[in-house]
Amino acid sequence: MLAVPLAPVPAQVTRTAYWARLLPALAALACVTRIPSFVRPLWNPDEGYLAVQARLLAQGGHLYETVVDRKPPLVPWLYEAVFVLCGSGSLAPVRVLAVLAQALTAVLLASLARRRWGDTAGRTAGVLYLLVSVGLNPEDAQAATFEVFILPCTAAALWCADRGRWAAAGAAVACAFLAKQTGGAVLLPVAWLLHRAGTPRAGAVGLAAGFALPVGCAALATDPGGFLFWTVTGSAAYASFTGSELHVLGRCLGNTAILAVACAGLLPPVLRTLRTARAAADLWLWLAASAVAVAAGFHFFGHYYLQLTPPAALLATAALRLLPRERLTAAVLTSAGCCALFLTWGLFAPRPELAHAQRLAAALAQRTAPTDRVLVWGMHPETYWLAGRTPATRYLTAGLLTNYSGGRDGPQVGEAYAVRGAWPVFRAEMAAHAPTLVVDDSRGRPYAPDRVPSLRRLLDTRYEEVGTVDGAVLYARTPHG
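Thresholds applied
Residues numbered from 1 in each chain as written. Predicted model: local features only at pLDDT ≥ 70, side-chain atom pairs only at ≥ 80, totals over all residues. Heavy atoms only, no water. Helix = DSSP H or I, 4+ residues; strand = E, 2+ residues; numbered from the N terminus. Contact = heavy atoms within 4.5 Å. 1 Å grid on protein atoms, 1.4 Å probe; cavity = no way out; pocket = protein on both sides within 12 Å on 5 of 7 lines; lining within 4 Å. Points joined across faces, edges and corners; volume = space filled by probe spheres on them. Core = buried A, V, L, I, M, F, W, Y, C linked by side-chain atoms within 4.5 Å. Buried < 20%, exposed > 50% of the residue type's maximum accessible area, 1.4 Å probe, protein only. Phe/Tyr/Trp six-rings, centres within 6.5 Å; stacked < 30°, edge-to-face > 60°. Lys NZ or Arg CZ within 6 Å of the ring centre and 35° of its normal. Salt bridge = Lys/Arg side-chain N within 4 Å of Asp/Glu carboxyl O.

Visitor: Now, about the environment of leucine 474: what can you tell me, with residues and values included?
Guide: In this fold, leucine 474 is placed in strand β5 (residues 472-477). On a C-alpha basis, the gap between leucine 474 and leucine 437 in space is 7.0 Å, while along the polypeptide they are 37 residues apart. Excluding residues that lie within four positions of it along the chain, leucine 474 makes contacts with Leu360, Ala363, Arg367, Leu437, Val438, Val439, Glu464, Glu465, Val466, Gly467, Thr468 and Val469.

Visitor: So, empty space enclosed by the protein: which residues are in play, and what are the values?
Guide: Taken as a whole, this structure holds one cavity of 30 Å³ or more when the rule is applied. When its volume is computed, the largest cavity comes out at roughly 50 Å³. Surrounding the largest cavity, Ile150, Leu151, Thr154, Thr182, Gly183, Ala185, Val186, Trp286, Ser290, Gln307 and Pro310 form its lining. Elements with a minimum of two residues in the lining of the largest cavity: α7 (146-162) and α14 (281-295). Considering each element in turn, the lining of the largest cavity owes the most residues, three residues, to α7.

Visitor: Lay out the layout of surface pockets in plain terms, naming residues and giving numbers.
Guide: Of the pockets and cavities examined, the second largest pocket occupies roughly 290 Å³. Along the wall of the second largest pocket there are 17 residues; nearest its centre are Leu259, Cys263, Leu267, Leu287 and Leu308. When contributions to the lining of the second largest pocket are tallied by element, the ones reaching two or more residues are α12 (245-262), α13 (267-272), α14 and α15 (309-320). Among the elements that take part in the lining of the second largest pocket, α14 stands out by supplying five residues, more than any other.

Visitor: Outline the nonpolar core, listing residues and values.
Guide: Core analysis: the largest hydrophobic core is formed by 152 residues, its most contacted members being Val190, Leu266 and Tyr305. Among the elements that make up this core, the one with the highest residue count is α7 (13 residues). The contacts of valine 190, once residues within four sequence positions are left out, are Ala157, Leu158, Ala161, Trp166, Ala169, Val173 and Leu207.

Visitor: Break down the packing of aromatic side chains for me, with residues and values.
Guide: Counted by the stated rule, this structure contains eleven aromatic pairs. Here the aromatic rings of tryptophan 377 and phenylalanine 426 are separated by 6.4 Å at their centres, their planes lie at 55°, and the arrangement is tilted. With a gap of 49 residues between them, tryptophan 377 in strand β1 (residues 373-377) and phenylalanine 426 in helix α20 (residues 422-432) connect regions that are remote in the sequence. Residues tryptophan 377 and phenylalanine 426 agree in their burial class; the two are buried. The ring of phenylalanine 146 carries lysine 71 above its face, with NZ or CZ at 5.1 Å from the centroid.

Visitor: Lay out the pattern of salt bridges in plain terms, naming residues and giving numbers.
Guide: Evaluation of the coordinates by the stated rule reveals 13 salt bridges. For the salt bridge of arginine 359 with aspartate 470, the shortest nitrogen-to-oxygen distance reads 2.5 Å. In this pair, arginine 359 is assigned in helix α17 (residues 352-367) and aspartate 470 in the loop between β4 (463-469) and β5, connecting sequence segments 111 residues apart. Connected through shared salt-bridge partners, Arg115, Arg116, Asp162 and Asp282 make up one network.

The structure is reproduced here in structure tokens:
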């Protein structure tokens, strides 16, 4: 009896079966790793800032005019769209988008790894990325803020460049930049891949056009001058760390150590890839560019470190494919154990600043009407959102008016270090629609009113103290104020 040869399985069927198994697994893992993000109404002041911005924009405000921040517009617009569709009372819908962003990043990394190194590498890259993606202080890793939405854009830029789709790669770099300026760092590995492809002229035109079009449209949709100032030229004082060197160094070392714990399963194989760096030059460039992005401005906040996780996962995958299978198992199990540790931290760690903001918001809501404008002089813009009150100024924190938003410990904090032109605008806003209630939430920090003469004069001449909440001082406008 003659044996009948089996027909080969079409490649399309193989691809479909592979993704049919992997996509649900990555989606489920993304959901598990983001469970803590849904247990608190807010995780950090960046979420509060975005929530207040989005509420103002949804009510007809204009970015860089009605409300300002040193950030590009993509994430505020994303929040605004969610608030328009789902209401502004909860960040849960935004947190769902953050889950989708992390899942998409994992899928793109898996596709990159599979194209280069095979099926097992694809699964490894996606799983390792999701396991280490929450390896920071939960207020940095679980919040739905700028870096979370940078990550799928950067992964998409590498994915497109790896396939020679230069215009699409440029558009992905633009989206990363429009999520946050440091997202543009992914341009370095993309440019390297363009150089290696051997078609620099045609590819460079597509890459440049793909980048310029979205950025230009964003500038025109807001205000070109305001867009340029708030995203590029208006942050010189913010980027300086003179006088706060030890403070900044401590934060850098602390957050580096935390991420190193999360990456305990990845570090040994990543270090091993140093021997074969030329074989993964674009990934090392991606990691190096991301490290520069983390250091830019000398702040080293924990959420900045999220940009390191995609290239680290790919570099670990590149090394693990060359090692015995037990090393792969050990890397995944170690990463899973570290992930469980960070998830436990996220579920049970206390958040005293959130409780303070909630009590302060309750006092604001009790003492003012919904139509009243208020001023919260502090670093917790979420108070406005929790209280449902409109800010009296476009500057949602004291940071933009004193430079404290850089996390400084005292030096270079004060009126002299404010965003250029901010104080004349602030004084005009206080005159045009004076807040019914002012909350001094400085609690002894370097931006306290006694160190800010303009604010001290305003409080002394037009307001009187009416109470305190957890150390925050409440001032009501006097009848002649």
